[in-house]
Amino acid sequence: MAANMTFDALKQAVQEGTVDTVLACIIDMQGRLMGKRFHARHFIDSAYDETHCCNYLLATDLEMYTVEGYASTSWSRGYGDYVMKPDLSTIRRLGWLEGTVMVLCDVQDHHTHADVPHSPRALLKGQVARLKDMGFQAMMATELEFFLFEKSFDEIRKSGFRDLEPISAYNEDYHILATTKEEHVMRPLRNHLYAAGIPVENTKGEAEAGQEELNIRYAPAMLCADYHTIAKHAVKEIAWQKGHGVTFLPKWHKDRTGSSAHIHQSLWTLDGKPAFFDASDSLGMSALMKHYMAGLIKYAGDYTYFLAPYVNSYKRFQRGTFAPTRTVWSIDNRTAGFRLCGEGTKGVRVECRIGGSDLNPYLALAAQIAAGIRGIEEKLELAPPMTGDIYQAQKAKQIPRTLRDATETLRKSKMLREAFGDGVVEHYARAGEWEQEEFDRVVTDYELARGFERA
Ligand code: ADP
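Keep in mind that what you see is a predicted model, and the values were worked out from it rather than measured.

A word on the overall build of the protein
Next up, step 1: Of regular secondary structure, the protein possesses 14 helices and 15 strands.
Next up, step 2: Taken over the C-alpha trace, the protein has a radius of gyration of 22 Å; the compact-globule value for 455 residues is 23 Å, and the two agree within 12%.
Next up, step 3: Overall, the protein is about 65 × 65 × 55 Å in size when its C-alpha atoms are taken along their principal axes.
Next up, step 4: Expressed as a percentage of contacts within the protein between residues at least 6 apart in sequence, the contacts between residues at least 24 apart total 72%.
Next up, step 5: Entry remark: accessible area of the protein is about 19,900 Å², with carbon and sulfur atoms responsible for 52%.
Next up, step 6: Of the charged side chains in the protein, 54 are positive and 61 negative, and the gap between their average positions amounts to 3 Å.

Pasting the structure below:
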């Protein structure tokens with residue numbers, strides 16, 4: 001299921017008057033949908049071919065600030081345009097917005113119409129193509145975790161982000177009673193996404209008051225990233241419609257469990273055979289899978305930035321919280337960075353548990369595939385699995401502990417420079433550096449409370 005509407009069906013729906021609005025969206029560096037709302041008539045007459053946006057959209061921060069230091073665009077280069085090229089295979093009717101469909105767009109150079117290399121969809125497209133040349137496709141799934149709050153986004157903002165009562169009063173992990181009380185948000189979410197061509201498997205309560213998880217069936221990598229992005233957007237919009245705020249911040253309170261975005265992945269041959277499976281291996285893992293996993297583990301530091309892109313992302317990595325800190329693998333053990341799932345079956349796969357709920361799925365999946373490919377190319381040997389409480393495994397390698405470290409490691413990554421290009425690595429390293437610079441400038445509530453009187 002690619003999307004849920006062909007271009008011809010859209011034209012028909014516009015003639016019949018059941019669709020009047022088309023959202024044409026690109027994915028920005030933060031993994032958000034950015035774009036325009038078209039009158040459907042104008043879209044089917046002309047904008048379906050191409051439309052435009054300011055090229056600062058791939059050079060801003062969360063606040064839309066015009067950050068200096070990017071080679072691709074700047075005040076001195078005048079902030080020109082990019083082409084937004086609608087990918088007509090992604091048209092979806094959005095049941096939660098009346099008369100509205102959405103189409104995702106690729107981002108192209110205004111003059112050459114080449115894909116803009118640092119645009120998230122282009123980056124993932126590039127790694128998917130590399131895999132295809134090797135005879136494989138990546139099947140991936142991302143789990144979305146987030147918190148649902150009692151109050152609305154506006155009320156929470158007006159309270160200075162202090163009025164933060166989660167929607168439920170207790171840890172609701174797998175809890176049916178607590179999640180029944182949240183069905184006014186979660187049921188329309190599941191049903192609208194499913195109707196929009198996004199194969200929702202389930203939602204469940206997670207390991208904290210008000211924490212939710214949404215699972216979507218695995219799919220080819222690009223589709224998986226599209227699903228994640230649209231689903232995250234829908235969570236915010238549907239919660240807003242119902243008068244609630246939600247957050248995908250990985251750690252909104254020091255005493256509350258963080259939110260993650262685990263990534264399940266397996267390689268398949270182009271004719272649909274599970275290339276990670278080998279019945280003769282004791283765990284059912286093929287040699288290819290072992291090389292791929294060894295690549296994921298060896299290069300985890302290189303790509304941690306893409307799994308944890310903000311200062312806050314690193315607050316989630318605490319021992320005893322289910323968020324991993326060490327780059328080792330284990331068999332069905334939730335304390336390691338990488339967990340083997342479905343061992344001994346055709347569904348054998350690896351789950352990377354490092355990513356936070358704030359990751360941009362296109363960048364995260366592209367970086368994981370690049371590391372896996374390098375593992376295959378280098379025929380890396382997979383170390384034996386670890387067992388027990390890996391938080392205690394003092395000798396096991398750690399992921400970078402701060403955004404500063406992760407950005408530095410990204411900048412030095414030969415593997416990612418070869419996979420993505422120097423320009424792309426520099427672009428995102430600048431983004432990480434900027435987040436740190438901004439954080440370093442502010443004075444926090446914590447510093448005031450700790451030092452105002454006593455320092
Ligand atoms: P768990 O509950 O142990 O996390 P699930 O069975 O819920 O595991 O699966 C988690 C995710 O893994 C789901 O989104 C599912 O679609 C995905 N998945 C299942 N099989 C594969 C596979 N072969 N490759 C990639 N992802 C897969």
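Considerations on the site of the ligand
Next up, step 1: Near the ligand, the surroundings consist of 13 residues, among which Glu-201, Ile-216, Tyr-218, Ser-266 and Arg-349 are the closest.
Next up, step 2: In this structure, a nitrogen atom belonging to the ligand sits 2.7 Å away from a side-chain N or O atom of Ser-266.
Next up, step 3: The protein chains hide 77% of the 570 Å² of surface that the ligand would expose on its own.
Next up, step 4: Among the secondary structure elements, those contributing two or more residues to the shell around the ligand are β7 (136-148) and β12 (263-269).
Next up, step 5: Residues belonging to the shell around the ligand are distributed by class as follows: five nonpolar, three polar and five charged.

Topic: the pairing of strand β14 (residues 338-341)
Next up, step 1: Neither face of β14 is exposed, since Phe-338 and Leu-340 on one face and Arg-339 and Cys-341 on the opposite face are all buried.
Next up, step 2: Sheet topology places strand β13 (residues 329-331) next to β14; three bridges connect them, and they run parallel. Within β14, the residue paired with Ile-331 across the bridge is Leu-340.
Next up, step 3: The sheet contact formed by β14 and strand β15 (residues 349-352) spans four bridges and is antiparallel. Each residue of the ladder has a partner; that of Cys-341, found in β15, is Arg-349.

Regarding the packing of aromatic side chains
Next up, step 1: Counting across every chain of the model gives 15 aromatic pairs.
Next up, step 2: Through pairs of rings, three or more aromatic residues link up here, namely Phe-7, Phe-38, Phe-43 and Tyr-48.
Next up, step 3: Directly above the aromatic system of Tyr-174 lies the positively charged group of Lys-204, at a separation of 4.0 Å from the ring centroid.

Remarks on unusual backbone geometry
Next up, step 1: A positive phi angle is found at Met-64, which is not glycine, with a value near 65°.
Next up, step 2: By secondary structure assignment, the location of Met-64 is in the loop between β3 (51-54) and β4 (81-86).
Next up, step 3: Judged by relative accessible area, which is 26%, Met-64 ranks as partly exposed.
Next up, step 4: Of note in this structure, Lys-379 is not a glycine but carries a positive phi near 50°.
Next up, step 5: The exposed category is assigned to Lys-379, whose relative accessible area is 63%.

Observations concerning the environment of Phe-153
Next up, step 1: Residue position: Phe-153 is located in helix α4 (residues 153-158).
Next up, step 2: Spatially, the C-alpha atoms of Phe-153 and Lys-414 are 42 Å apart, while their sequence positions differ by 261 residues.
Next up, step 3: Among residues more than four places away in sequence, those in contact with Phe-153 are Lys-236, Trp-240, His-244, Gly-245 and Val-246.

A short note on the pattern of salt bridges
Next up, step 1: A complete count under the given rule lists 35 salt bridges for this structure.
Next up, step 2: We note a salt bridge from Asp-173 to Lys-204, for which the minimum N-O separation is 3.0 Å. One end of the pair, Asp-173, is in the loop between α4 and α5 (176-180); the other, Lys-204, is in strand β8 (residues 200-205), and 31 residues separate them in sequence.
Next up, step 3: The shortest N-O distance in the salt bridge between Glu-438 and Arg-441 comes to 3.0 Å. Placement of the pair is Glu-438 and Arg-441 together in helix α13 (residues 422-441), with a separation of three residues, close to one helical turn.
Next up, step 4: Ionic contacts of the salt-bridge type, sharing partners, join the residues Arg-130, Lys-298, Arg-374, Glu-377, Glu-378, Lys-414 and Glu-418 into one network.

A closer look at the packing of helix α1 (residues 7-16) against helix α2 (residues 40-47)
Next up, step 1: Across the interface, α1 lies against α2 with an axial gap of 10 Å and an inter-helix angle of 140°. In terms of orientation, α1 and α2 fall into the oblique class. In this structure, α1 crosses over α2, and the sense of that crossing is left-handed. In contact with Phe-7, Leu-10, Lys-11, Val-14 and Gln-15 of α1, α2 contributes Ala-40, Arg-41, Phe-43 and Ile-44.
Next up, step 2: In the contact of α1 with α2, the residues fall into six nonpolar, one polar and two charged.

Thoughts on the state of the cysteines
Next up, step 1: Enumeration over the complete set of coordinates arrives at zero disulfides.
Next up, step 2: Left without a disulfide partner, Cys-54 is nearest to the cysteine sulfur of Cys-53, which lies 7.3 Å away.
Next up, step 3: Of the cysteine sulfurs around Cys-352, a residue in no disulfide, the closest is that of Cys-341, at 11 Å.

A closer look at the confidence of the model for the protein
Next up, step 1: Per-residue confidence for the protein gives a mean pLDDT of 95; residues scoring 70 or more make up 98%.
Next up, step 2: Among the scores for the predicted complex, ipTM is 0.93 and pTM is 0.97.

Overview of a nonpolar patch on the surface
Next up, step 1: The grouping of Val-443, Leu-448 and Phe-452 at the surface amounts to a nonpolar patch, some 370 Å² of accessible area in total.
Next up, step 2: Using a relative accessible area of 71% as the deciding quantity, one classes Phe-452 as exposed.

Notes on the side chain of Gln-108
Next up, step 1: If you trace the backbone, Gln-108 turns up in strand β6 (residues 100-109).
Next up, step 2: Excluding anything up to four places from it in sequence, Gln-108 contacts Tyr-82, Val-83, Lys-85, His-113, Ala-114, Asp-115 and Val-116.

Describing the environment of Ile-369
Next up, step 1: Note on placement: Ile-369 falls in helix α10 (residues 361-377).
Next up, step 2: Exposure remark for Ile-369: the relative accessible area of 0% places this residue in the buried category.
Next up, step 3: Along the chain, Ile-369 and Leu-267 lie 102 residues apart, while their C-alpha atoms are 9.8 Å from each other.
Next up, step 4: Dropping the residues within four chain positions of it, Ile-369 is found in contact with Leu-124, Gln-127, Leu-131, Ala-138, Met-140, Ala-221 and Tyr-292.

Calculation rules
- Residues numbered from 1 in each chain as written.
- Predicted model: local features only at pLDDT ≥ 70, side-chain atom pairs only at ≥ 80, totals over all residues.
- Heavy atoms only, no water.
- Helix = DSSP H or I, 4+ residues; strand = E, 2+ residues; numbered from the N terminus.
- Rg over C-alpha atoms; globule rule 2.2 N^0.38 Å.
- Contact = heavy atoms within 4.5 Å.
- Areas by Shrake-Rupley, 256 points an atom, 1.4 Å probe, with all protein chains shown as cover.
- Lys, Arg positive; Asp, Glu negative; His and termini not counted.
- Charge placed at Lys NZ, Arg CZ, Asp CG, Glu CD.
- Near = heavy atom within 4 Å.
- Polar contact = N/O pair within 3.5 Å; in protein donor to acceptor, adjacent residues only side chain to side chain.
- Nonpolar A, V, L, I, M, F, W, Y, C, P; charged D, E, K, R; others polar.
- Buried < 20%, exposed > 50% of the residue type's maximum accessible area, 1.4 Å probe, protein only.
- Pairing = 2+ DSSP bridges.
- Phe/Tyr/Trp six-rings, centres within 6.5 Å; stacked < 30°, edge-to-face > 60°.
- Lys NZ or Arg CZ within 6 Å of the ring centre and 35° of its normal.
- Salt bridge = Lys/Arg side-chain N within 4 Å of Asp/Glu carboxyl O.
- Axes fitted to C-alpha atoms, helices over the stretch in contact; angles between N-to-C directions.
- Parallel < 35°, antiparallel > 145°, perpendicular 65-115°, else oblique.
- Left-handed = near helix turned anticlockwise from the far one by under 90°.
- Disulfide = S-S within 2.5 Å.
- pLDDT = per-residue confidence, 0-100.
- Patch = residues over 30% accessible without salt bridge, like charges linked within 9 Å, V, L, I, M, F, W, Y side chains within 5 Å.

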